[in-house]
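Reading the structure
Each chain, letter by letter, is given below.
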Amino acid sequence: MPGAFPAYTVEIRGDGTVQFEGLAHVDAMGSHSDRISRDAAAELLAAFRRADFFSLQDEYAAMVTDIPTFTVSIEFDGRKKSVRDHMGLSMGMPEAVADLEEAFDHPADTVRWLRGPAVR
């Protein structure tokens, strides 16, 4: 089915709290939570620093339809920044942003909510 991409948000807080919100086309609709280690949360923050996230453009987007869009955001110490990726690598987006997109899903084990435990 065209356009049937998983729609969800994942929030990882500094204390390791993980909040998943399944919005559409995921096995686990609604809110789900878990925890990761503080070290894993600190490593995610370090990945944002390595990417020099606050210096990136707000959007890397191609004029193409029917592909997934990713938004990566960070908020701490009163600073906020989001980067929208809509085929961004082909639009000059640094590879570090794609790495950050995966950096959320891996420690949070997001796949369990997207496709259920059988996919793990």
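What you see is a predicted model, and the numbers here were worked out from it, not measured in a lab. (Residues numbered from 1 in each chain as written. Predicted model: local features only at pLDDT ≥ 70, side-chain atom pairs only at ≥ 80, totals over all residues. Heavy atoms only, no water.)

Section: the pattern of salt bridges
- Evaluation of the coordinates by the stated rule reveals six salt bridges.
- The closest approach of N and O atoms between Arg 84 and Glu 59, which form a salt bridge, is 2.4 Å. Of this pair, Arg 84 sits in strand 6 (residues 79–86) while Glu 59 is found in strand 4 (residues 59–61), placing the two residues 25 residues apart along the sequence.
- Note on Arg 84: relative accessible area 30%, which makes it partly exposed.
- Among the ionic pairs, Asp 109 bridges to Arg 112, the shortest N-O distance being 3.8 Å.
- Taking the relative accessible area as the measure of exposure, Arg 112 reaches 18% and is therefore buried. (Salt bridge = Lys/Arg side-chain N within 4 Å of Asp/Glu carboxyl O. Helix = DSSP H or I, 4+ residues; strand = E, 2+ residues; numbered from the N terminus. Buried < 20%, exposed > 50% of the residue type's maximum accessible area, 1.4 Å probe, protein only.)

Re the sheet that holds strand 5 (residues 70–76)
- Strand order in the open sheet formed by three strands is 4-6-5, with mixed pairing between adjacent strands. Edge positions in the sheet fall to strand 4 and strand 5, since each of these pairs with one other strand and no more. Pairs of neighbouring strands in the sheet enclose a mean axial angle of 5°, with direction left out of account.
- Note: strand 5 against strand 6, seven bridges, orientation antiparallel. Counted as the bridge partner of Glu 75 is Lys 80 from strand 6. (Pairing = 2+ DSSP bridges. Axes fitted to C-alpha atoms, helices over the stretch in contact; angles between N-to-C directions.)

Digging into the layout of surface pockets
- Space inside the largest pocket adds up to approximately 1,100 Å³.
- If you trace the largest pocket, you find 37 residues lining it, with Val 10, Glu 11, Thr 71, Ser 73 and Phe 104 closest to the centre.
- For the lining of the largest pocket, the elements supplying multiple residues, two or more each, are strand 1 (7–12), strand 2 (17–24), helix 1 (38–50), strand 5, strand 6 and helix 2 (95–108).
- A total of seven residues in the lining of the largest pocket trace back to one element, the largest contributor, which is strand 5.
- Residue classes in the lining of the largest pocket are distributed as 19 nonpolar, seven polar and 11 charged. (1 Å grid on protein atoms, 1.4 Å probe; cavity = no way out; pocket = protein on both sides within 12 Å on 5 of 7 lines; lining within 4 Å. Points joined across faces, edges and corners; volume = space filled by probe spheres on them. Nonpolar A, V, L, I, M, F, W, Y, C, P; charged D, E, K, R; others polar.)

Note that all results are geometric; they support no functional claim without further evidence.
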